[in-house]
Amino acid sequence: MSTATSLVNGSANTVSWYTGNSGSAPRGSSTARIDPAITVQYGAQANELAIRAQLEGVAVFAAVSTSPTGANSGAQTSALSQRTATNLTPQAGQQTIPDIQTEFGVARP
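Caption draft 1: Spatial organisation of the pairing of strand β2 (residues 38-41). Pairing geometry for strand β1 (residues 31-35) and β2, over 4 bridges, is antiparallel. When the sheet's bridge partners are listed, R33 is paired in β2 with T39. Between the end of β1 and the start of β2, which pair antiparallel, lie 2 residues.

Next comes the structure, spelled out in structure tokens:
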């Protein structure tokens, strides 16, 4: 019987996760021609700050579990909810989902 006893390079047999494009212009990653002379850039990347921050915040909330009968469960859930709400609230100067929506809305050549 064999057992795993050391770390190995898993690049040949491991799932590769999406890490986004390295470019700084995500809207330019996808383009549609809307008439012979006009194209619109509408690309989006899952690693954009606003999208990543939302997914991270929701993932943390989803990953935590508490006992329904635990003495501190209510307080733990309340504290987690408050922290999650704070983390999901856009910070000044950071990209937000509405920013991305606006960029889509004003897309033009």
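Caption draft 2: Quick look at the pattern of salt bridges. Enumeration over the complete set of coordinates arrives at 3 salt bridges. As a salt-bridge pair, R27 and E48 come within 2.7 Å of each other at their nearest N and O atoms. Of this pair, R27 sits in the segment before β1 while E48 sits in the loop between β2 and α1 (49-63), placing them 21 residues apart in sequence. With a closest N to O distance of 3.7 Å, R52 and E56 form a salt bridge. One end of the pair, R52, and the other, E56, are both in helix α1, 4 residues apart, so they sit about a helical turn from each other. For R52, a relative accessible area of 37% corresponds to the partly exposed category. A cluster of three or more residues bridged by salt bridges with shared partners is formed by R27, E48 and E103.

Caption draft 3: Structural detail: the packing of α1 against helix α2 (residues 73-88). Their axes nearest at 9 Å, the elements α1 and α2 cross at an angle of 175°. Between α1 and α2, the angle falls in the class roughly antiparallel. Judged by residue contacts, A53, Q54, G57, V58, V60 and F61 of α1 engage L80, S81, T84 and L88 from α2. Per-class residue counts for the contact of α1 with α2 are 6 nonpolar, 4 polar and no charged.

Caption draft 4: Inspection of the layout of surface pockets at higher detail. Its volume calculated, the largest pocket comes out at about 190 Å³. Together, 15 residues line the largest pocket, and A53, Q54, N87, T89 and P90 are the ones closest to its centre. The set of elements that each furnish at least two residues to the lining of the largest pocket consists of α1, α2 and α3 (97-105). Per element, the largest residue contribution to the lining of the largest pocket is 4 residues, and it comes from α1. A breakdown of the residues in the lining of the largest pocket according to their chemical character gives 7 nonpolar, 8 polar and no charged.

Reading the values: the criteria
- Residues numbered from 1 in each chain as written.
- Predicted model: local features only at pLDDT ≥ 70, side-chain atom pairs only at ≥ 80, totals over all residues.
- Heavy atoms only, no water.
- Pairing = 2+ DSSP bridges.
- Helix = DSSP H or I, 4+ residues; strand = E, 2+ residues; numbered from the N terminus.
- Salt bridge = Lys/Arg side-chain N within 4 Å of Asp/Glu carboxyl O.
- Buried < 20%, exposed > 50% of the residue type's maximum accessible area, 1.4 Å probe, protein only.
- Axes fitted to C-alpha atoms, helices over the stretch in contact; angles between N-to-C directions.
- Parallel < 35°, antiparallel > 145°, perpendicular 65-115°, else oblique.
- Contact = heavy atoms within 4.5 Å.
- Nonpolar A, V, L, I, M, F, W, Y, C, P; charged D, E, K, R; others polar.
- 1 Å grid on protein atoms, 1.4 Å probe; cavity = no way out; pocket = protein on both sides within 12 Å on 5 of 7 lines; lining within 4 Å.
- Points joined across faces, edges and corners; volume = space filled by probe spheres on them.

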